[in-house]
Amino acid sequence: METKDPKKHRKKNSGPKAEKKKKRHLQALQLGDEEDARKRNPKAFAVQSAVRMARSFHRTQDLKTKKHHIPVVDRTPVEPPPIVVVVMGPPKVGKSTLIQCLIRNFTRQKLTEIRGPVTIVSGKKRRLTIIECGCDINMMIDLAKVADLALMLIDASFGFEMETFEFLNICQVHGFPKIMGVLTHLDSFKYNKQLKKTKKRLKHRFWTEVYPGAKLFYLSGMVHGEYQNQEIHNLGRFITVMKFRPLTWQTSHPYILADRMEDLTNPEDIRTNIKCDRKVSLYGYLRGGHLKNKSQIHIPGVGDFVVSDVSFLPDPCALPEQQKKRCLNEKEKLVYAPFSGVGGVLYDKDAVYVDLGGSHGFQESEEVRPTHELVQSLISTHSTIDAKMASSRVTLFSDSKPLGSEDIDNQGLWMPKEEKQVDLKTGRVRRKAIFGDEEDESGDSDDEDNKEMSEGDRLENSSSDDETEEGEDAEMTGKQYMSGKGIKRQKLEMEEDIEVDLPAFADSDDDLERSSVEEATEEDDESIEEEDSTAEEERDILESKAVREGGKPGLLQTNDLSDSLNLEKSLTMKKATLTTSDSGHCTAEEAFASEDESEENSSLSTEEEDSENEEVIRKKFPKPSQVVSSQKLVSESLIDETSDIEDLLREEEDYKEENNYSTETSGALKWKEDLSRKAAEAFLRQQQTTPNLRKLIYGTVTEDNEEEDGDTKEELGGLFRVSQSASECKHKADSLDCSRFHVEVPHDWDLEEVMNSIRDCFVTGKWEEDKDAAKILAEDEELYGDFEDLETGDVHKGKSGPDTQVEDVEEEVKEIDPNAEESAKKKHLDKKRKLKEMFDAEYDEGENTYFDDLKGEMQKQAQLNRAEFEDQDDEARVQYEGFRPGMYVRIEIENVPCEFVLNFDPHYPVILGGLGNSEGNVGYVQMRLKKHRWYKKILKSRDPVIFSVGWRRFQTIPLYYIEDHNGRQRLLKYTPQHMHCGATFWGPITPQGTGFLAIQSVSGIMADFRIAATGVVLDLDKSIKIVKKLKLTGFPYKIFKNTSFIKGMFNSALEVAKFEGAVIRTVSGIRGQIKKALRAPEGAFRATFEDKLLMSDIVFMRTWYPVSVPAFYNPVTSLLKPAGEKDTWSGMRTTGQLRLSHGIKLKASKDSLYKPVVRQKKHFNSLHIPKALQKALPFKSKPKTQAKAGKIPKDRLRPAVIREPHERKILALLDALSTVHSEKMKKAKEQRHLHNKEHFKVKQKEEEEKLKRQKDLRKKLYRIQGQKERRNQKSSLKGPGEQLK
Amino acid sequence: MATQAHSLSYAGCNFLRQRLVLSTLSGRPVKIRKIRARDDNPGLRDFEASFIRLLDKITNGSRIEINQTGTTLYYQPGLLYGGSVEHDCSILRSIGYYLESLLCLAPFMKHPLRIVLRGVTNDQVDPSVDVLKATALPLLKQFGIDGESFELKIVRRGMLPGGGGEVLFSCPVRKVLKPIQLTDPGKIRRIRGMAYSVRVSPQMANRIVDSARSILNKFIPDIYIYTDHMKGVNAGRSPGFGLWLVAETTNGTFLSAELVSNHQGQGAAVLPEDLGRNCAKLLLEEIHRGGCVDSTNQSLALLLMTLGQQDVSKVLLGPLSPYTFSKKDCLFVQEAKFIVTPLD
C-alpha cells in the first residue's frame, strides 16, 4: 500500500475562530484590548456585603495612613557634605585593606598608610569620608554618632565577635545609621557546602540584629593581598547609590568630623610653659545643622568649648562642577586626607598650600615641633629679636607666629603652618595665593572667577598665572634673603601682609593720579632711605605688584567693600599702619580713599561711573609702568624674578595700549564689559543694602562697649571715680523698661492732607492695581477673552495705569533700568503662576487631603528658605543663617588642654559636636533604663557608671528608682534583672527622647559584653523626687483602753508635732494615729489605736525620705591620654573596686548573715484506729497487718526492781490476799448474774400478764363504747321526741 | 567638672525684662551690674523684684543672687516649668509689664501655664492687658500657638493707685513655632475698641465712644466700640476710665492704641471727650506707622521668629520702637541676626 502523506494542518487565518485565538494569544501576553475584569464580569465585583466593603475600605485607609510620616521642612543642603562611612570590625578582619581597596577603586590612588578620615569623590553627586573604627569602645561610641553608613566587617571563618554586637547596640541607641555587613575571610572554607551554610547562618543572625533583609556583602578572597576588584567595585556601587534616612540627633545638631588639626598657640607661650593651654584650629566638613559662630561645642574625649572663630574655606575635595559626562574623569577623582598626608591642596584662612608630592616628601620630618623651628630660624637670622619686635606686624618667618599679634589679629589672622617649614626643608614647593584678606574670605567665588577668566581670556589667564608665580617667587626670594639679609626678608613679608590687607577696589582708583601719587613717591623715598641698599629690589617687586593691582580690576572681588562696617575697620587699621609708615601703604590708602569716593559717587549713574573708571585706568596705567620700566635694569639682576616681571610688564603694556587707543579687541571688550557690570552691581548693591540701616541696628554695640571702657578708665587712684558724664550713660543704662512706642511729634489729624496720607490704608481707600476688585474683574475678562494676550505679556504692561506707565517710560529714558524689565517679566510670570495655581486647585480639589496640604506647606517653606539666601554670597549668608552643612570649615578653639595637641593621634576621630541652647548646662536628668540582657551583672545605685548621651561620654553616679502606682519614685538598690527602671543622675542636660547607653568602664578589654544598660532620656529637672523608705519604731510604755503612750520613736516634742495625725501601726496590724506629744519622756506621744495594745507590741510609722543625687559629672577625656594608651581611661572607681584594691573586707553584721536553715524533724504518731471503727470498716480499708510491737528500746526499758525479802513477803501476802479477794468477787459476780437472770424472767412474766390484762380491759371498754354509739344512733332515728323521753 | 554655660554680663537696669527672659530661654546665666548704682535710691525697684519672683515661680531650679544694695543681680535660669501659678504684681507697673514677658515664655513651658496675675490692669506706662489681648494674642496665633486653653481673661479691672485687678492667662505648650510670612499688612477693614470705666459714672464710657467715633468715622464706617462698666468687686479699688482701639486689616494684622485717664491724685482730671479724641488720633498715628505688627508687639514678633525653627520668617515692621531697637543687643544671646531691608 502506498502511504500518502496526509494533508498538513493549515492554520486558519480568518473567520471567527481565528480571531478568537488571536485574542486569546494577545491576552496571554497582556496586550489584548479586552476591557478589565471588572467590566467583563461585573457580578464578581458587585457589592456582596456592605459591612465587608466598609471593613476593607477601612483597612486600606488604615494602611495608607500608616505610611504617613509627619512632614518636615526639607533642609538638605544643595551640596551635601561627604557621607561618613565607618568601617568597623574586630582586629585582623581586614578593615584597612578594605579601605585601601575602596580608595583605590574610587580614585585610582593607593594609600599605604591610612590615618584618620579619608575624603574621596565617589561620584558626580557624592563624596565619601571613610574612617576606620577599631575596637576601642570610646572610638566605637563616637563614630556611631556621626556615621551615615557603617560597614561591619565580620570574619566568616571565625563568626561574630563581641565588638560587632557592641557596635550594633551602640548604633541602635544613637539613632541607627545605615548598616551593611561585609563577610571576609571566606577563602578559608574548603568545602562549598560548609561555606554556604556559614553564610546563611551568619546572614540570619545578622538579620535578627539589624532588620530582616539587611544587606550582607561577601568578599570571597584575596588576590595579592587585596580584595577582588570586581567585588570592591560592586561594594563601591552599593555605597554610592545608597539612600539615607535622616537621623534626628544628627539633623538637629551641627557636627564636624575633623580631618585636620593645627596648633596655633604662640610658640613663645609654649616655650615658656609647655603645658600651657593651646589654641587649636580644626578643619572639617560641617554636617547636620547650621553652625553659628561663638556657639558651644563638645569634643568627645576632650570636653566643652566655645568656638572662638569659624570661617569657611574652599572645598578641598569638591564635587565636579560640570555634570555632562556619565562618569568622572581622572582629574575629578579627588582624595583628601591631611592626616594621612594626602591632600593635594591645603587651604588655610589666607593661604593655600599646594602639595606637589614629588621625590622629597619625607614622612619623618613632619614630627618636627614648632619649637625646633623657632630655634632653627633664630640661628639663621642675622638681626636681633629686639629689632624684629620693634617693627610691628612683621612675621619672623613664613612659618612662625606673627609677633605683633594684636595687629595681625585685627587684620585677619595670618597663620602659618608647621608643615610649611617642613616642606621648605624637604624642598617641596608650595605656592601662596596672593588674594587679599577679604577676598580670601569670600573664598571660592574668587577662585571661580579666576577660572572663568582663564577660560575666556588668555591675557587674564597669563596675568593670574603670573600672579601666583610671582607669589612663589616672592617666597623664593624670601628664602634667599633669609640666608643673606634678615631685614630684607622681613620687609618682604610685610609687603605681602599689606597686600593681603588691600581692599583692591576695582572701579575707582581715580585718585591715584590726583592726590596721593606724590605721597606715595615720598613715602617710597622714605622707605628707600630707611632700607639702605636692598630697598631697590624690594621696591621693584612692590611696584610690580601695584601695577598688577591696577591691571586686574576685573579680577578682584568687590563685594565686601561695600560693607561699611568692614570699611571702618579697615580704615582704622590703615591709619594704624600709616603711622608706622611702610613702603606699601600708599596704595592701601589710596584704595581706601577711592572707596570713600566711590560711595560719594554712588549717586552718579552707572554709565557715568563706568566711563570714569575707564578713564581712571587709562590715566593710571602709564605711571606705574613707567616706574617699572625705570627699575627694569635693577630688577634684571635677579634671575628668577625678572623673567616673570618682564612677562608681566609686557602684558601690562599690552593692556595699556589697548586701553589707551581703545582698540576694541575681543579680550579687551570683554574685560570692559565685565567692568561696567561690576560697577553697576556695586552701585546697586550699595543702594539695596543701605548700610545705614544695618549699621543703625547692629553697629551701636561697639559704642556701648566704648562707653563702658571709658567708665572704667575714669577711676582715680583705684578708689574714687569721677562721677561725671555718666548722666547720659546712666540715662541709657537705667532707662524705663517699657515697650510702648510713644509718639513724639503727633501729626495734626484735622488737616486734610495728613488725613489723606493714610486714607489708602483702609479698605475704603484706593487699592493697588493688582488687588483692586474692579481692575481684576476687567483684567479677567480680558484674560479669558483672549489667550494670546497672556502669552505675549506686553499687553499687560500696556494695561498698567497711565501714571505708572509714564514713570516707566521716564525711567527707561533716564537709564536702562534692568529692574523695570525684570519687574514686568516677574509680573507676567506671577500672573501665569497664579493661573496655574487656580487651575491646579480646581483640578486636584477632589484628592487634596490634609496631609497633602501639610506637605505642600512644608515644601513651600523649603523653597522660601532656599530662595531667601540663594543670591547672597556665602560671606553674608553665613552671618544670618550660620555656616550651613556641606561647607568646609575651619574652627578655632582656645584653651584646649595641651595634652590634646601633645598626645594627638590621628587614628582617633576628633568630633566637634555642636550643642543646643541649654545643652551646655548641667542638671538632673531622668531616664528610663534597662540593664542590657547580655550584661552579666546588675547595676548598683551610687556606683559610678559611664554614660554616652548626646555627643558626650561621661562618668556619673546614677540612682535607680522605680515608680510606684501613686507616682512615688522609690529608690532601688540595684537595677531589676529584666525590667525597666528609672535612673537619675547629675549631668549635662540633653533633650528628651535622646537615647543613651551605659558602660561600667572604657578601659582595656573586658571579657564579656561591655554595654551595661541602655535607655532613653525621659525628663529634665532641676530637682528630684526620689525617696527611700524609712521606718520609725517605738514602744508603748503605758496602755489605757485604746490609747497608749509611745516612746522611742522621736527625740523631741517638736518632731512629734511635725508628725501629728500620722498613721502608725503595730507589727500585729493594729492601726492607729499620733495624737499629741507628751511632756514626760522627751519625744513620747499619745496615740490612739483601733484596739488595745499589748506591752510587747512594737509600734512603727512608715515614712519616705528624699534621697539626694551626688553631683558628680566627669567627662571621659580619653583623647587626652598619651598615644597608644587612649583606651586606658579610668575614672572614679566603684566602692567594690576600691575595696578590692585596698583589700578591705566588708564587715557584715552577724545578724544579717545567712545561716543554714536548721529544721527540726517532725515526729508523727502512728495512726490509731479504734477497734469499733476497725470493725465497721470494709475489709479493704481495714488495717491488715498490725504493726508488730517492736522491741522496746533500751532507753524505754524500765530498770528491774529487786525487792527485799521482807518486801517480797509482804508482796506475796498482798498477792494472795488480792487473789482471794478477786476470787470472792468473781463468785459474787456470778451469783449476782444468776440472780439478775431470775429476776429478769420474773419481771418478764409479770409484764406479759400485765399486758394481757390491759388488753382485756380495753376490749371491754370498746364493746361498751360501741353499744353506746349504737344506742345513740337508734334514738336519733326515732326522732327528737323519743329522745326527750 | 561641669562647664557651666558662659554667662553674660550687662550693666544698668534697662531691658532687665528682656535680658532675664532671653537668659531663661537660652539657659545662659546672666549677671547685671550697676543697677541704678548712681541713683539716690539704688538697686532694684519693687516691680523688678516682683518680676524676678514671678520668673522664679514659673521656673524650676533658678538661682537668683542679689547683693545687699540690690545693684547687682545674678540670675541663673532654671527650666521653664509652668503649671498653675498665682502672682501678685507690684502696682508700680501694670500687669502688662509682666504679661509681655510671659507671652514670650509661656509657649516653651514644660506644663501648660495657667497664671492669675493681680495688680493694675490699665495704666499709662505699659500696654494694658486689653491691648495685649487684642493684638498680641492674634500675633501668637500666627505662630501656631493656639487652642482652647489659649486665653487671656480680665476678671477684675484695677486702676491706679489702688489696683485690685485680676487677670487670668493660660497658654498651651508649643515646642515648635510656625514660621511666619507677614509681609502684606492688607487694608484696614474695621475698627473695634472698648471704652471702660470703673467706679465712675457709666456715662463716661458713652462720652468717650462718641468722641472717638467722630474722628474715626471719617476713614471707615465699620467701627464698633464697646462700653464696659465693671461694678462692685470687679471694679478694683480706684476710679478711672479709658479707651483702647484696635484696627483689624484684611490680612489679620492688628494695630492698636490706648489711653487711660489720669489716676486719682495725679494731675488734672481728663475729660472723656478729650481722651476719646486723643486715643483715636493715636490709632491714626499707629496706622500711619504701618507694618504688619503693632509697635508694642514688634519685639515679641522678632523674638518668636528667632525661637522658631530654622526656617525663614519675614515680617514687615513700621519704624522700630526704641524697645525693639534695644532687642538686638540682647538677641546676641541667641546669636540671631535679622536681615533688614527697607521698603522703598
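The name that an unreviewed UniProt entry assigns to chain B is RNA 3'-terminal phosphate cyclase-like protein, with the source organism given as Physeter macrocephalus. Taken from UniProt, the Subcellular location (unreviewed entry) comment for chain B reads in full: "Nucleus, Nucleolus". Word for word, the UniProt comment on chain B under Subunit (unreviewed entry) is "Part of the small subunit (SSU) processome, composed of more than 70 proteins and the RNA chaperone small nucleolar RNA (snoRNA) U3. Interacts with BMS1."

Looking at an unreviewed UniProt entry, one finds chain A named Ribosome biogenesis protein BMS1 homolog, with Physeter macrocephalus as its source organism. In the Catalytic activity (unreviewed entry) part of its UniProt record, chain A is described as follows: "GTP + H2O = GDP + phosphate + H(+)".

A. Local environment of the sheet that holds strand β9 (residues 151-156) of chain B. All names here are of chain B. The sheet built from 4 strands is open, its strands ordered β7-β8-β10-β9 with mixed pairing. Looking at the sheet topology across the chains shown, the edges are occupied by β7 (82-88) and β9. The sheet shows a mean angle of 10° between the axes of neighbouring strands, direction not considered. Sheet topology places β7 next to strand β8 (residues 111-119); 7 bridges connect them, and they run parallel. In the sheet register, Gly 82 faces β8, and the bridge partner there is His 111. In the packing of helix α2 (residues 46-58) onto the sheet, contacts are made with β7 and β8, and the angle to β7 comes to roughly 160°. In the packing of helix α3 (residues 95-105) onto the sheet, contacts are made with β8, β9 and β10 (165-171), and the angle to β8 comes to roughly 170°.

B. Here's a closer look at the pattern of salt bridges. Counted by the stated rule, this structure contains 39 salt bridges over all chains. Residue Asp 964 of chain A is joined to Arg 970 of chain A by a salt bridge in which the shortest nitrogen-to-oxygen separation is 3.2 Å. According to the relative accessible area criterion, Asp 964 of chain A is buried, its value standing at 15%. Arg 970 of chain A gets classed as partly exposed once you look at its relative accessible area, which sits at 30%. For Arg 189 of chain B, the salt bridge identified is with Glu 248 of chain B, shortest N-O distance 2.9 Å. With Arg 189 of chain B in strand β12 (residues 188-198) and Glu 248 of chain B in strand β14 (residues 240-249), this pair connects stretches of sequence that are 59 residues apart.

C. Spotlight on the packing of aromatic side chains. Residues and elements named next belong to chain A. Taken as a whole, this structure holds 27 aromatic pairs over all chains when the rule is applied. Ring geometry for Trp 934 and Phe 1009: centres 5.2 Å apart, planes at 80°, overall edge-to-face. Of the two residues, Trp 934 sits in the loop between β21 (922-931) and β22 (945-949) while Phe 1009 sits in the loop between β27 (995-999) and β28 (1011-1021), which places them 75 residues apart along the sequence. Among the residues examined, Phe 1009 registers a relative accessible area of 1% and is labelled buried. Consider the rings of Phe 1040 and Phe 1045, whose centres lie 5.2 Å apart with planes at 70°: the pair is edge-to-face. Through pairs of rings, three or more aromatic residues link up here, namely Phe 947, Phe 954, Phe 985, Phe 996 and Tyr 1113. Above the ring of Tyr 283, the side-chain terminus of Arg 260 is found at 4.1 Å from the ring centroid. The positively charged end of Lys 1031 is found above the aromatic ring belonging to Phe 1100, 5.0 Å away from the centroid.

Criteria and cut-off values
- Residues numbered from 1 in each chain as written.
- Chains lettered and ligands numbered in written order.
- Predicted model: local features only at pLDDT ≥ 70, side-chain atom pairs only at ≥ 80, totals over all residues.
- Heavy atoms only, no water.
- UniProt positions renumbered as here; feature names shortened; annotations may be inferred.
- Pairing = 2+ DSSP bridges.
- Helix = DSSP H or I, 4+ residues; strand = E, 2+ residues; numbered from the N terminus.
- Axes fitted to C-alpha atoms, helices over the stretch in contact; angles between N-to-C directions.
- Contact = heavy atoms within 4.5 Å.
- Salt bridge = Lys/Arg side-chain N within 4 Å of Asp/Glu carboxyl O.
- Buried < 20%, exposed > 50% of the residue type's maximum accessible area, 1.4 Å probe, protein only.
- Phe/Tyr/Trp six-rings, centres within 6.5 Å; stacked < 30°, edge-to-face > 60°.
- Lys NZ or Arg CZ within 6 Å of the ring centre and 35° of its normal.

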